[in-house]
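Architecture at a glance
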Amino acid sequence: MLAQEMRQVNREHENVRRQALRQRRSVAPYLFLLPGVILVIVWVYYPFLQTFWLSLFHGNLVGGPARFVGLQNYRLMLQLPEFQQALQNTVIYIFGISVCAVIIPLCIALLLVKVSPLMQRIYQGFLFLPVMLAPIVVSIIWFWLLNPVQGVCSQLLSHLLGWNIPDLLNDPTTAIWTIIGITSWQMFGVSLSLIFAVIIGINRQYLDAARIDGASEWQIFCYITLPLLTPLLSFLLLYTVLFAGQWAFGPINVLTQGGPGNTTTNIYYLLYQFGFVFFNTGEASALAVMLFLVLGSGAIIEVYMLDRKVHYDN
Amino acid sequence: MTTKTLEHVLRGTGRHIVLIGLCVVVIFPVFWAIVTSFKPANEVFSLSLFASHPSLENYRDVFAALPLGRMLINTFCMAVLVTLGVLIVSICAAYAFMRWEFCGKNALFLLFLGTLLIPVQVTIIPNYLTLAQLGWLNTLPGLTIPQLATGLGIFYLRQQFNNFPKEVLDAGVIDGAGPLRMLWSVVLPNMRSVLAALAIILFIQTWNEYFWPLLVTRGLSSTTIQVGLQVFLQENSNAWGALMAASVLSLMPVLVLYVLAQRQIIAAFVRSGIQ
């Protein structure tokens, strides 16, 4: 009797629900999505297409008649020595920042899981702080610390060890690595907390079982921790490939403006210079299109590989 | 046995030494900036860890050189408006994705996801030209509205909203609650902590934003503190005390927010990244 009544209620419930869902199927979801869609189309996708269009013209930001030049902007950019240098530097940035902001945090996360929970929270709180700071503030503070004469780094080193460090930001061989260091200093907290969270989330029973079977720490890392981390690590690498150039933009702009001798410029900075320092929209747009093609295809390949890897883990 | 415990202790301290060293590397620059900002001119170049005669001289200097009050207010307004805007847009979109099945759902989600693949630098020139045509350069709408177009908030909230129990929604439907009332009085109150964390992150990100204000604003009194810092650096690259004072003013709000909500901020970052 009661069961029957329950079933009745359930059926009614189901009906009402379906009715409600059907009724809402009309326009409500589209209305809720409308503001977001409009914003994204107007300020991301439309300008994105416009960039392709602008790249075919010779024009400048200040106005003046634009002249159709076809693919000439692309040819000009590809032949430009600065472009080749910027491309090469972008690869160095990606490599350097991947090592410093993904691999090193992995090692630190492995240390961090071994200390007590209270200390974990304290260390993590400190180590994540730079992520929150403005790139421009970070750059200015480091500019001060690294000042070759009065900066605390050079003063300390010469007082304590008698070393004379070169002017790191003005030396063509060290400048790019200094920028990579500063950028990584700011960003490594992101990878650290993500990797840490995954390691902490690994089921303790796996680890205990492995330990009882006499596995060494290194074996546990290779056969348990690392495989479980692979999806995240590939995501972080993808993320770094896509964004390393942008993260470095602030420090480059404040500290070196691409110099000395273009050794620290990268594609993003060159794009900015062509667009907003030389006011050359056509060439800047051509550069933007090439940037997108390279990064976009890189991202798609990476996502594809990531997908396969995740399936493999399952 | 004793050698084993000794090794254990040594390893433990070794770990702490590495971690503490790292924390020093992270904290020292910020600490040094704050200390330098309070040192009078004759002490700025000394290595002492504290200002022996702390003074506000540097702060007076920057306030005299820059319209800092206006800049801080501008930055604050921009950050609040962008945070609120992104929150509203993202909440609506994420709610639509959670609540209904509808035609084109996946395509629309990809539309938002795709924005993450397009670097800002690619769209910035056309956006600048559009603003110029609209006459929006150096205006509040020009500064804030383009910054609202991001898929990040939607992406993050959709993950969080998906954990929301469907039974509660059904109960609301049976009670006859309309979609807006349901959002307002059922979904949002249960998502308070998630929304607060997102709001804090958005606020800090916008507060730190530098590229867009640099392009859109004209003149020191209508720009943000980050742009002001850059200008001040270019004009007085040797006034280290004053530069540090300006930097400290710019990072203080972020630092305070971070100290207050540090755990929630890190947790929100982790949640958004791991999924």
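Residues numbered from 1 in each chain as written. Chains lettered and ligands numbered in written order. Predicted model: local features only at pLDDT ≥ 70, side-chain atom pairs only at ≥ 80, totals over all residues.

1. Here we look at the overall build of chain B
Rules: Every helix listed is a DSSP run of H or I at least four residues long, and every strand listed is a run of E at least two residues long, numbered separately from the N terminus. The globule rule used for comparison is 2.2 Å times the number of residues to the exponent 0.38, while the radius of gyration itself is calculated over C-alpha atoms. Counting other C-beta atoms within 10 Å of a residue's own tells you its class, since 20 or more makes it buried, 12 or fewer makes it exposed, and anything in between is partly exposed; those C-beta atoms are placed from the backbone.
Each helix and strand in chain B was counted, giving 13 helices and 0 strands. When the helices and strands of chain B are listed from N to C terminus, the series reads α-α-α-α-α-α-α-α-α-α-α-α-α. For 275 residues, the compact-globule formula gives about 19 Å, and the C-alpha radius of gyration of chain B, at 24 Å, lies well above that figure. Taken along the three principal axes of its C-alpha coordinates, chain B extends 75 × 70 × 35 Å. Residues classed as buried in chain B amount to 40% of the 275 residues present.

2. A closer look at the overall build of chain A
Test applied: Contacts here follow a simple rule: the backbone-placed C-beta atoms of the two residues must lie within 7 Å.
A tally of helices and strands in chain A yields 12 helices and 2 strands. Its helices and strands taken in sequence order, chain A reads α-α-β-β-α-α-α-α-α-α-α-α-α-α from the N to the C terminus. Residue pairs in contact within chain A that sit at least 24 positions apart in sequence constitute 71% of those at least 6 positions apart.

3. Details of unusual backbone geometry
With a phi close to 50°, Gln-257 of chain A is a non-glycine residue in the positive phi region. Take Gln-257 of chain A: it is sitting in the loop between helix H10 (217-256) and helix H11 (267-277). Owing to 13 C-beta atoms within 10 Å, Gln-257 of chain A belongs among the partly exposed residues under this scheme. Despite not being glycine, Asn-138 of chain B has its phi angle at roughly 60°, a positive value. Along the chain, Asn-138 of chain B turns up in the loop between helix H5 (120-134) and helix H6 (140-144). C-beta crowding within 10 Å serves as the criterion here: with 14 such atoms nearby, Asn-138 of chain B is assigned to the partly exposed category.

4. Describing the confidence of the model for chain A
Defined as follows: Scored from 0 to 100, pLDDT records how confident the predictor is in each individual residue.
For chain A, mean pLDDT is 84; residues scoring 70 or higher make up 87% of the total. The secondary-structure element of chain A with the lowest mean pLDDT is helix H1 (residues 2-24) of chain A, recorded at 60, while helix H6 (residues 135-145) of chain A shows the highest, at 93.

5. Structural notes on the interface of chain A and chain B
Interface size is often expressed as the accessible area that is lost when the parts come together. Rules: Three categories are distinguished: nonpolar for Ala, Val, Leu, Ile, Met, Phe, Trp, Tyr, Cys and Pro, charged for Asp, Glu, Lys and Arg, and polar for the others, with Gly belonging to the last.
If you look at the interface, chain A gives 73 residues, while chain B gives 66 residues. With 16 residues, the single largest contributor to the side of chain A that touches chain B is helix H2 (residues 28-54) of chain A. When grouped by side-chain class, the residues that make up the side of chain A that touches chain B number 54 nonpolar, 15 polar and 4 charged.

6. A short note on the packing of helix H3 (residues 68-99) of chain B against helix H10 (residues 192-208) of chain B
Describing two packed helices takes the angle between their axes plus the distance from one axis to the other. All names here are of chain B. The line we're drawing: Whenever a helix is involved, its axis is fitted only over the stretch in contact; in every case the axis is a line through C-alpha atoms, and angles between N-to-C directions fall within 0 to 180 degrees. Here is the rule for angles: anything less than 35 degrees is roughly parallel, anything more than 145 is roughly antiparallel, 65 through 115 is roughly perpendicular, and the remaining ranges are oblique. Should the near helix be turned counterclockwise from the far one by less than a right angle, the crossing is left-handed, whereas a clockwise turn marks it as right-handed.
Two numbers describe how H3 lies on H10: the axes approach to 8 Å, and their chain directions differ by 140°. Taken together, the axes of H3 and H10 are oblique relative to one another. Handedness of the crossing formed by H3 with H10: right-handed. Residues Thr-75, Met-78, Ala-79, Val-82, Thr-83, Val-86 and Leu-87 of H3 form the contact with H10, whose participating residues are Leu-195, Leu-198, Ala-199, Leu-202, Phe-203, Thr-206 and Trp-207.

7. Details of the nonpolar core
Worth spelling out the cut-off: For our purposes the nonpolar core covers buried Ala, Val, Leu, Ile, Met, Phe, Trp, Tyr and Cys residues that link as a set through C-beta atoms within 7 Å.
Within the largest apolar cluster, 141 residues are counted, with the highest numbers of intra-cluster contacts made by Val-137, Ile-140, Leu-271 and Leu-287 of chain A together with Ala-93 of chain B. Counting residues per element, this core draws most heavily on helix H13 (residues 240-274) of chain B, which supplies 15 residues. With sequence-adjacent residues up to four places away left out, Ala-93 of chain B is seen in contact with Phe-32, Leu-33 and Gly-36 of chain A together with Phe-112 and Ile-154 of chain B.

8. A word on the confidence of the model for chain B
Residues and elements named next belong to chain B. Mean pLDDT over chain B stands at 88; residues scoring 70 or higher make up 98%. Highest mean pLDDT in chain B belongs to H3 (93); lowest belongs to helix H8 (residues 166-174) (81). This prediction of the complex comes with two scores: 0.86 for pTM and 0.89 for ipTM.

9. Digging into the packing of helix H4 (residues 81-112) of chain A against helix H8 (residues 175-201) of chain A
Residue and element names in this part refer to chain A. Between H4 and H8, the least distance of the axes is 7 Å, while the angle of their chain directions is 40°. What the angle tells us is that H4 and H8 run oblique. Relative to H8, H4 is oriented so that their crossing is right-handed. A breakdown of the residues in the contact of H4 with H8 according to their chemical character gives 21 nonpolar, 6 polar and no charged.

10. As for the environment of Val-186 of chain B
Residues and elements named next belong to chain B. Here Val-186 lies in helix H9 (residues 179-190). Taking the C-alpha atoms as reference points, Val-186 and Gly-172, 14 residues apart in sequence, are found 7.8 Å from one another. In this view, Val-186 contacts Val-168, Gly-172 and Ala-177; residues no more than four positions away in its chain are not counted.

11. With respect to the environment of Asp-208 of chain A
Turning to its location among the elements, Asp-208 of chain A is positioned in helix H9 (residues 204-212). In sequence terms Asp-208 of chain A and Ile-220 of chain A are 12 residues apart; their C-alpha atoms lie 9.9 Å from each other.

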